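Structure at a glance
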Amino acid sequence: MDDRICQLLSAGDPEGVTLLQQQYGPMVQYIVRGILRDARDTEECVSDVWLRVWERFASFDRTKGTLAAWMTVVARNAAVDRLRRRRAADQAWDEQDGAAPSPEEEVLRRERTQLLQKAVDALGAADQQLFYRKYYYLQSTAQIAAEMGLTERAVEGRLYRLRRRLQKALGGDAL
């Protein structure tokens, strides 16, 4: 099915989006709803996802990952972008002076991001799943617990230990 979707989208055929919605619609809804939680924002964001896919499909590279993985990233990024815009509209700029980060700050941020990714890659599969659910997909502890068959307290404990391991791996002091 993914091959057919990719062929249609590459050819600019709208049928590709229709098939994509049938194949990945529930996954996109799940990801977006977990981040935004507001039904109206979720609906608008899901529409944005399909538009982004249509406009940016040329950037999809099958050698770098699956269509499902790419859709996950597109959906997550669209939801986080909408969340940021919503928060920016709701808050005054009193926390920041609006200044852009310096080149040095930007380099340091990228280096920290790379170090964190290496540390997360070194985790076991279960811990990676927990990390991504909480800090990438922004799921609540209650949702993680329900979907993983754990208690909220167990999830909180695992997240605490996970943060400690990551902090140690990144050279920080233990909590």
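Analysis parameters
Residues numbered from 1 in each chain as written. Predicted model: local features only at pLDDT ≥ 70, side-chain atom pairs only at ≥ 80, totals over all residues. Heavy atoms only, no water. Helix = DSSP H or I, 4+ residues; strand = E, 2+ residues; numbered from the N terminus. Buried < 20%, exposed > 50% of the residue type's maximum accessible area, 1.4 Å probe, protein only. Contact = heavy atoms within 4.5 Å. Lys, Arg positive; Asp, Glu negative; His and termini not counted. Charge placed at Lys NZ, Arg CZ, Asp CG, Glu CD.

Within the chain, the regular secondary structure consists of eight helices and zero strands. Secondary structure elements of the chain occur, N-terminal to C-terminal, as α-α-α-α-α-α-α-α. For the chain, the C-alpha atoms occupy an extent of roughly 55 × 45 × 35 Å along the three principal directions. For the chain, buried positions account for 33% of its 175 residues. Counted over contacts in the chain with a minimum sequence separation of 6, partners at least 24 positions apart contribute 58%. Here the chain contributes 27 positively and 26 negatively charged side chains, and the mean placements of these two sets differ by 6 Å.

Negative phi characterises most residues that are not glycine, and trans characterises most peptide bonds. Of note, Arg37 is a non-glycine position whose phi angle comes to about 70°, a positive value. Within the element layout of this structure, Arg37 appears in the loop between helix H2 (15-36) and helix H3 (39-56). The backbone of Leu138 shows a phi angle near 55°, a positive value even though the residue is not glycine. Along the chain, Leu138 turns up in the loop between helix H6 (125-136) and helix H7 (141-148). For Leu138, a relative accessible area of 28% translates into the label partly exposed.

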